Amino acid sequence: MALPTPLQAFSGVPKINAAPDKQTIVDGEKMTGAQALVRSLEDLGVEDVFGIPGGAILPVYHEIKDNTKFRFVLMRHEQAAGHAAEGYALATGKVGVCIVTSGPGATNVVTAIADANMDSVPMVVITGQVGVQAIGTDAFQEADIVGITYPVSKHSFLVTRAQDIPRVLSEAYYIANTGRPGPVVVDLTKTAQTGDMYYSWPQRMILPGYNPTTKAHGRVLSDAAKLFSQSYRPVLYVGGGAARSNAGAQVKALADLTGAPVVTTLPARGIIPDSDPKNLGMLGMHGTIAATGAVQRADLLVAIGARFDDRVTGKLDAFAPTARVIHIDIDPAEIGKNRQPDVPIVGDVATVLDDLIPEIQRTQAIQGKPNLAPWWKAIDGWREEYPMTWDEPTDGSLAPQWVIKKLSEMADPSTIWVTGVGQHQMWASQFIDFENQHAWISSGGLGTMGYGLPAAIGASVGSAREFEGKKPVWLIDGDGSFQMTSEELAAAFLDHAPVKIAILNNSVYGMVRQWQTLFYEHHYSQTNLLDGEAHGADGAAALADGDAPLEVPDFIKLAEAYGCVGIRAFTEDPHQFNTDRRPIARSMTAGLRLSPAATHAVAELGAKRQEPLFSARGVFGQRLQKRRVIEVVAAFHCVGVENGRRIVRHAVRDLLLRAGRVHAAFGAVGVTAEVSHLLKDDDLRAALSRGDGGRQSRAARTHDHDVSGFSRKSRARDQHGKSSRNQSFFHLLSS
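Calculation notes
Residues numbered from 1 in each chain as written. Predicted model: local features only at pLDDT ≥ 70, side-chain atom pairs only at ≥ 80, totals over all residues. Heavy atoms only, no water. Helix = DSSP H or I, 4+ residues; strand = E, 2+ residues; numbered from the N terminus. Buried < 20%, exposed > 50% of the residue type's maximum accessible area, 1.4 Å probe, protein only. Core = buried A, V, L, I, M, F, W, Y, C linked by side-chain atoms within 4.5 Å. Axes fitted to C-alpha atoms, helices over the stretch in contact; angles between N-to-C directions. Parallel < 35°, antiparallel > 145°, perpendicular 65-115°, else oblique. Left-handed = near helix turned anticlockwise from the far one by under 90°. Contact = heavy atoms within 4.5 Å. Nonpolar A, V, L, I, M, F, W, Y, C, P; charged D, E, K, R; others polar. Phe/Tyr/Trp six-rings, centres within 6.5 Å; stacked < 30°, edge-to-face > 60°. Lys NZ or Arg CZ within 6 Å of the ring centre and 35° of its normal. Patch = residues over 30% accessible without salt bridge, like charges linked within 9 Å, V, L, I, M, F, W, Y side chains within 5 Å. Areas by Shrake-Rupley, 256 points an atom, 1.4 Å probe, with all protein chains shown as cover. Salt bridge = Lys/Arg side-chain N within 4 Å of Asp/Glu carboxyl O. pLDDT = per-residue confidence, 0-100. Pairing = 2+ DSSP bridges.

## With respect to the overall build of the protein
When you go through the protein residue by residue, the secondary structure sums to 32 helices and 20 strands. Split into buried and exposed, the 735 residues of the protein put 58% on the buried side.

Below is the structure:
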């Protein structure tokens with residue numbers, strides 16, 4: 001038998017005929033370890049938990065009951081449970097928590113753990129484990145999850161005694177949320193879950209050697225202030241650590257005091273408003289020319305919670321070659337890891353900046369401010385000469401950049417934006433106008449495709465909890481990334497998470513294909529998804545005639561399969577897309593399971609009233625305000641006014657054909673009379689008076705989920721605005 005490695009030694013060898021641990025603590029309330037875990041989460045203030053049950057964690061799930069103080073959200077895959085906990089943590093600033101089972105359940109969540117570790121997301125992952133006697137025997141669904149997660153987590157615990165559960169949970173929660181935030185794994189044996197213990201709270205933590213440095217030494221602050229006084233081309237290079245420290249106000253104050261421009265990494269988007277003239281946007285491979293150019297010509301680079309990632313620096317020896325460096329980070333391991341700083345400052349970003357700003361003010365009072373006018377003249381010239389833009393398609397198709405920009409213009413200013421990973425992620429970071437902190441959630445360091453939907457669900461749960469749902473959640477995703485976790489539409493629908501989803505469908509793995517274009521001789525090996533290929537040149541005519549082209553998957557039907565509503569748009573024709581309907585766009589809700597055709601119709605009618613359809617004052621408000629309804633209609637209303645009459649006729653027939661289902665939703669009153677009474681619309685009443693005897697059009701009969709019937713041949717756009725042969729479809733799903 002091979003000897004275990006030191007890290008596995010405590011769990012890799014089974015205990016043969018080991019005597020059970022004697023219970024020495026008898027003070028407190030007697031309960032099982034599973035009950036203690038639930039009680040500990042409640043006492044820690046946890047209000048929302050994500051997960052999936054399984055055999056090795058069933059004792060814990062048995063104790064999650066209707067009167068449990070936290071809400072449990074049942075996901076459909078363990079990786080998604082981890083990403084949902086991430087989205088929740090980033091939206092609320094609290095620790096995200098998920099609970100999964102042993103073996104494959106635990107290994108499934110490893111990707112989310114690694115993702116949270118790379119992006120410094122506070123998260124506690126509780127995994128089930130086989131009983132102590134079975135550890136190391138290759139028991140059913142046994143995996144050394146502590147050994148697996150050790151390199152990709154902030155810390156990992158193996159709990160073998162029930163009495164240790166409250167203390168370990170306290171320590172895990174504290175570790176996750178202090179210092180540099182990160183994921184902490186608690187591997188809970190079945191022995192600990194079923195054993196008896198005596199519960200007391202609060203617990204005394206045992207964490208020798210864990211003392212994160214938050215406050216900087218005075219000497220380094222004066223050295224940093226001195227460098228500012230000598231700099232005529234300073235740049236503040238702000239990373240995700242500033243966002244985790246909630247240091248937006250301090251970054252803006254430092255920029256205003258010193259006159260330095262601000263560039264951000266991907267996780268730091270929104271740290272200061274994009275409308276601030278000092279904000280040059282994102283730097284690096286996918287950044288603005290002004291931001292990257294400023295860094296390359298800077299004489300002082302102040303890295304604030306940033307780690308000199310390769311997507312920012314490119315060749316390290318050619319990055320900011322003339323700049324002296326001040327590096328501020330709470331993690332001492334990041335200082336000097338990639339770039340040796342002239343002034344290293346270890347500490348919490350917000351705390352350090354609070355102390356640094358007065359030091360700079362004292363220095364300026366003595367030496368004055370450097371003249372940065374020539375520096376800003378050069379920067380403004382770059383911004384004017386190289387704006388962030390794109391080439392308009394010549395075939396009338398949708399440019400994905402336009403779609404994102406239009407979404408940004410129409411959305412609520414407090415929107416939380418979530419993305420998957422790929423080209424759409426970069427376009428979203430470039431063309432969304434960020435005005436608030438914590439409005440951007442995306443997988444940065446690990447680049448996890450499939451991250452978007454579960455993270456958006458977690459953000460939506462967090463928004464409902466912390467902000468009473470006043471911060472809507474939009475997910476911008478690609479067709480490839482979305483398909484990796486699309487099963488989570490079920491969780492969004494059943495757990496009432498009103499996520500709005502915009503899928504930019506270009507039928508390929510866009511970012512991978514872009515690299516194939518740039519670096520692999522245009523050899524597009526296995527990157528064509530074919531999910532829109534069948535539209536072809538005559539797709540518009542075919543769709544108009546009712547011959548629905550094949551799509552695998554058809555995202556509209558996929559949405560319907562999960563109880564959601566899908567809307568498809570092909571062009572930016574203003575007759576098909578009305579930008580003046582913002583009240584409708586932000587609040588369309590459906591609790592009736594109406595077909596998309598009927599939803600289109602009521603959307604058209606509601607648009608005339610310029611009010612939310614299902615609000616307390618809306619069209620269906622009086623009848624449905626007491627019902628459990630969720631937002632399921634996308635924020636784009638893609639049906640033009642001029643098509644309203646035709647769509648109303650189709651929708652009414654559709655309603656009548658489904659009268660059995662709709663009748664139950666409306667109550668005892670007949671569906672025809674009830675709909676006519678509620679909508680009070682002349683067009684609808686006229687259509688209703690004709691009954692359902694009219695022959696349904698071929699388009700409505702064969703393809704009623706896309707009754708608008710608009711289709712244009714469209715082509716995918718790469719990041720440089722050049723066309724590929726694949727189609728670009730803009731799908732909107734809302735769950």
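So much for the structure itself; the text now carries on.
## Describing the nonpolar core
Membership of the largest hydrophobic core comes to 47 residues, with the highest contact counts inside it found for Phe50, Met75, Val418 and Ile441. Ranked by residue count, the leading element in this core is helix α4 (residues 78-92), at eight residues. Counting 36 residues, the second-largest nonpolar core is a separate cluster that includes Met31, Val46, Phe70 and Ala172.

## A short note on the packing of helix α10 (residues 218-229) against helix α15 (residues 349-367)
Contact geometry for α10 and α15: axes closest at 9 Å, N-to-C directions at 50°. On the basis of their axis angle, the class for α10 and α15 is oblique. Crossing hand, α10 versus α15: right-handed. Across the interface between the two elements, Leu221, Ser222, Ala224, Ala225, Phe228 and Ser229 of α10 pack against Val352, Asp355, Leu356, Glu359, Ile360, Thr363 and Gln367 of α15. Among the residues forming the contact of α10 with α15, the class breakdown is seven nonpolar, four polar and two charged.

## Focus on the environment of Gly103
For Gly103, the position within the fold is in the loop between β4 (96-100) and α5 (104-108). Gly103 sits in the buried class, given a relative accessible area of 6%. Remark: the alpha-carbon pair of Gly103 and Asp144, spanning 41 residues in sequence, is separated by 8.1 Å.

## Some details on the packing of aromatic side chains
A ring pair, where both rings are aromatic, is described by two values, the distance of the centres and the angle of the planes. Counted according to the given criterion, the structure contains 12 aromatic pairs. Ring centres of Phe308 and Phe319 lie 6.1 Å apart, and the angle between their planes is 85°; on these two criteria the pair is classed as edge-to-face. Pair noted here: Phe308 is in the loop between β12 (300-304) and α14 (310-313) and Phe319 is in the loop between α14 and β13 (324-329), with a separation of 11 residues, a long-range link. For the pair Phe308 and Phe319, one class covers both residues: buried. Aromatic side chains Phe434 and Trp440 sit 5.4 Å apart centroid to centroid with 80° between the ring planes, which places their arrangement in the edge-to-face category. Of the two residues, Phe434 and Trp440, neither departs from the other in class, the shared state being buried. What links up through ring pairs into an aromatic cluster is the set Tyr237, Phe308 and Phe319. In this arrangement the basic side chain of Lys471 is found over the ring face of Phe467, its NZ or CZ atom lying 4.1 Å from the centre. Over the aromatic face of Tyr524 sits the side chain of Arg513, whose NZ or CZ is 3.7 Å from the ring centroid.

## A few points about a nonpolar patch on the surface
Residues Leu518, Phe519 and Tyr520 make up a contiguous nonpolar surface patch of roughly 360 Å² in combined accessible area. Structurally, Tyr520 can be placed in the loop between α22 (510-519) and α23 (539-544). Among the residues examined, Tyr520 registers a relative accessible area of 52% and is labelled exposed.

## Topic: the side chain of Thr92
One can find Thr92 in helix α4. The residues contacting Thr92, other than those within four sequence positions of it, are Gly462 and Glu466.

## Remarks on the confidence of the model for the protein
Summary statistics for the protein give a mean pLDDT of 79 and a share of 72% for residues scoring 70 or more. In this model, residues 1-15 is a region of pLDDT below 50 whose contacts with residues beyond four sequence positions or in other chains number 19 contacts. Throughout residues 533-543 the model reports pLDDT below 50, and contacts reaching past four residues in sequence, or to other chains, amount to 28 contacts.

## A few points about the sheet that holds strand β10 (residues 262-264)
An order of β11-β10-β9-β12-β13-β14 is seen for the six strands of this open sheet, with the pairing classed as parallel. Each edge of the sheet is formed by a strand with only one pairing partner; in this case those strands are β11 (279-282) and β14 (343-346). Looking at each pair of strands side by side, their axes are set apart by 15° on average, direction ignored. Bridge analysis of β12 against β13 gives five bridges, and the strand direction is parallel. Bridge pairing in β13 places Leu301 opposite Val325. Packed on one face of the sheet, helix α12 (residues 248-258) meets β9 (234-238), β10 and β12 and runs near 175° to β9. Against the sheet, helix α16 (residues 373-385) engages β9 and β11, with an angle of about 50° to β11.

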